[in-house]
Amino acid sequence: MSDKKVIAVTGATGAQGGGAARALLADADAGFAVRALTRNPDSPAAGELADLGAEVVRADFHDEPTVHKAFEGAYGAFLVTNFWAHGSAAKETEEIAVLVRAAEAMNLRHVVWSTLEDTRELLPLEDDRMPVLQDRYNVPHFDAKGEADQLFTRAGVPTTFLKTTFFFQGFLQGLGPKRAEDGVLTLTLPFEEGKLLAGVDVADIGRTARAILKGGERFIGSTVHLAGDHLTGAQYAEKLGAALGEPVRFQSVPYDVFRALDIPAADEIGNMFQYYGDFDQEFTGARDLDRLREINPALRSFDDWLAENVSKIAVD
């Protein structure tokens, strides 16, 4: 491993970090070794990465010296934070600051930072179309990451900003079609008819990060807006129906109605979908699928993802 460039991967036992670690480990010719960072090196997920050839090390964002040590001697890193572990934009900002300080102190040569748009750039907090959350955010898990982009820039960390989007996996985690009272499968989302929703296979975050790291200096300082497909709600429903073998209709739920539902983070999810819809030209329009497939030729469309995952969609 000594002749390979070490890439430190945060959140290595999670969806994004795990995907990045596996993508890097699967490319034997890339010249990279993986250092998988996790709070629990003894977990089964960490063991699976070790079996694949990763160096697994303990690192905790709330124990900053462990992060500095984990970055020591590394060439680069794939960095991601998990807002949903605590639901606090303030805590996520603190975690990102730790990563920035460690990356700067250890002189990392190339960081791929998994981030999102700061929605306040297009939707000032004074705009009353959606509620302000956690005192100063429209969509906290977007805005905290987007705001923190400048921390990398100010610290001089050589960074590629990989801006993600809605995960196709959401259809496996509560947002998939459900059978309505009339027996018809229905895809119900807080999203307006005719608007385009950019989606991506979460594994393509890792595959695209690998391509960016292989591309090297030409990506440093740039922003890559990621998606695998741009579809309307009705188009998602049609494709789900074709894969499931029975019709699926799309039902649009008003944003305010969704925000009032008694489900976890309803206000945040409602705000997120409203941002997707109100600014679909800016958000989805920034995600050039042709350019993305030049970077990552294996980028999966929704059809590609469905072909592999339809059996996991529970509809009853």
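Up top is the structure.
The following paragraphs examine the structure supplied in this document.

What counts, and where the lines are drawn
- Residues numbered from 1 in each chain as written.
- Predicted model: local features only at pLDDT ≥ 70, side-chain atom pairs only at ≥ 80, totals over all residues.
- Heavy atoms only, no water.
- Salt bridge = Lys/Arg side-chain N within 4 Å of Asp/Glu carboxyl O.
- Helix = DSSP H or I, 4+ residues; strand = E, 2+ residues; numbered from the N terminus.
- Buried < 20%, exposed > 50% of the residue type's maximum accessible area, 1.4 Å probe, protein only.
- Expected span 1.5 Å × (residues − 1).
- Pairing = 2+ DSSP bridges.
- Contact = heavy atoms within 4.5 Å.
- Axes fitted to C-alpha atoms, helices over the stretch in contact; angles between N-to-C directions.
- 1 Å grid on protein atoms, 1.4 Å probe; cavity = no way out; pocket = protein on both sides within 12 Å on 5 of 7 lines; lining within 4 Å.
- Points joined across faces, edges and corners; volume = space filled by probe spheres on them.
- Nonpolar A, V, L, I, M, F, W, Y, C, P; charged D, E, K, R; others polar.
- Parallel < 35°, antiparallel > 145°, perpendicular 65-115°, else oblique.
- Left-handed = near helix turned anticlockwise from the far one by under 90°.
- Arc of directions from axis to C-beta.

### What about the pattern of salt bridges?
- Across all of its chains, the model carries 24 salt bridges by this definition.
- We note a salt bridge from Lys 145 to Glu 92, for which the minimum N-O separation is 2.8 Å. With Lys 145 in helix H5 (residues 140–155) and Glu 92 in helix H4 (residues 89–105), the pair connects residues that are 53 residues apart, well separated along the chain. Both residues of the pair, Lys 145 and Glu 92, count as buried.
- Between Asp 256 and Arg 259 there is a salt bridge, and its shortest N-O distance comes to 2.6 Å. In this pair, Asp 256 and Arg 259 both sit in helix H8 (residues 255–259), three residues apart, roughly one turn of the helix.
- Linked through salt bridges whose partners overlap, the residues forming this network are Asp 118, Arg 120, Arg 136, Asp 143 and Glu 147.

### Brief notes about helix H6 (residues 203–215)
- Spanning 13 residues, H6 covers 19 Å between terminal C-alpha atoms, matching the ideal 18 Å at 1.5 Å per step.
- Among the 13 residues in H6, 10 count as buried, and that is most of the element.
- Taken together, the buried positions of H6 are Asp 204, Ile 205, Gly 206, Arg 207, Thr 208, Ala 209, Arg 210, Ala 211, Ile 212 and Leu 213.

### Focus on unusual backbone geometry
- A positive phi angle, near 75°, is found at Asp 135, a position not held by glycine.
- In this structure, Asp 135 sits in the loop between strand E5 (110–115) and H5.
- The phi angle at Ala 265 is positive, at roughly 60°, despite the residue not being glycine.
- Looking at the element boundaries, Ala 265 is found in the loop between H8 and helix H9 (266–278).

### Some points on the sheet that holds strand E8 (residues 178–179)
- Judged by pairing direction, the sheet is mixed, and its three strands sit side by side in the order E8-E9-E13 without closing on themselves. The sheet terminates laterally at E8 and strand E13 (248–252), the two strands that pair on one side only.
- As judged from the five bridges shared by strand E9 (residues 185–189) and E13, these two strands associate in the parallel manner. Its bridge partner lying in E13, Leu 189 is registered against Ser 252.
- Where helix H7 (residues 233–244) meets the sheet, its contacts fall on E9 and E13, and the angle it forms with E13 comes to roughly 155°.

### A few points about the layout of surface pockets
- By volume, the largest pocket is sized at about 1300 Å³.
- Taken together, 46 residues form the lining of the largest pocket, with Gln 16, Thr 81, Asn 82, Phe 83 and Trp 84 sitting closest to its centre.
- For the lining of the largest pocket, the secondary structure elements donating two or more residues are helix H1 (15–26), strand E2 (32–38), E5, H5, strand E7 (166–167) and H9.
- Classifying every residue of the lining of the largest pocket gives 20 nonpolar, 22 polar and four charged.
- Volume-wise, the second largest pocket comes out at about 180 Å³.
- Taken together, Gly 174, Leu 175, Gly 176, Lys 178, Arg 179, Ala 180, Thr 186, Thr 188, Pro 190, Gln 251 and Phe 258 form the lining of the second largest pocket.
- Contributing elements (two or more residues each) for the lining of the second largest pocket: E8 and E9.
- Among the residues making up the lining of the second largest pocket, the classes are represented as four nonpolar, five polar and two charged.

### Notes on the packing of H1 against helix H2 (residues 44–52)
- Orientation of H1 relative to H2, taken along the N-to-C sense of each, is 15°, at an axis distance of 10 Å. Comparing their axes, H2 and H1 come out roughly parallel. You can see that H1 and H2 cross each other, and the crossing is left-handed. On H2, the residues touching Ala 21, Arg 22 and Leu 25 of H1 are Glu 48, Leu 49 and Leu 52.
- Counted by class, the contact of H1 with H2 contains four nonpolar, no polar and two charged residues.

### What to know about the pairing of strand E6 (residues 159–163)
- Burial within E6 is extensive, with five of its five residues counted as buried.
- What you see with E6 is no split at all: Thr 159, Phe 161 and Lys 163 on one side and Thr 160 and Leu 162 on the other are buried throughout.
- One ladder, built from five bridges, connects E5 with E6; its direction is parallel. Bridge pairing in E6 links Ser 114 to Leu 162.

### Overview of the side chain of Ser 301
- In this fold, Ser 301 is placed in the loop between helix H11 (289–295) and helix H12 (302–309).
- When its relative accessible area of 15% is taken as the criterion, Ser 301 is described as buried.
- With near-sequence residues (within four places) excluded, Ser 301 lies in contact with Phe 168, Gly 228, Asp 229 and Arg 293.

### Quick word on H7
- A rise of 1.5 Å per residue sets the reference length of H7, with its 12 residues, at 16 Å; its end C-alpha atoms lie 16 Å apart and thus fit the reference within 8%.
- Among all positions of H7, only Gly 233, Tyr 236, Ala 237, Leu 240 and Gly 241 are buried. With its buried residues spanning 135° around the axis, H7 presents them on a single face. Among the exposed residues of H7, those pointing more than 90 degrees away from its buried face are Glu 238 and Ala 242.
- The inward-facing, buried residues of H7 contact E9, strand E10 (197–200), strand E12 (229–231), E13 and H12.

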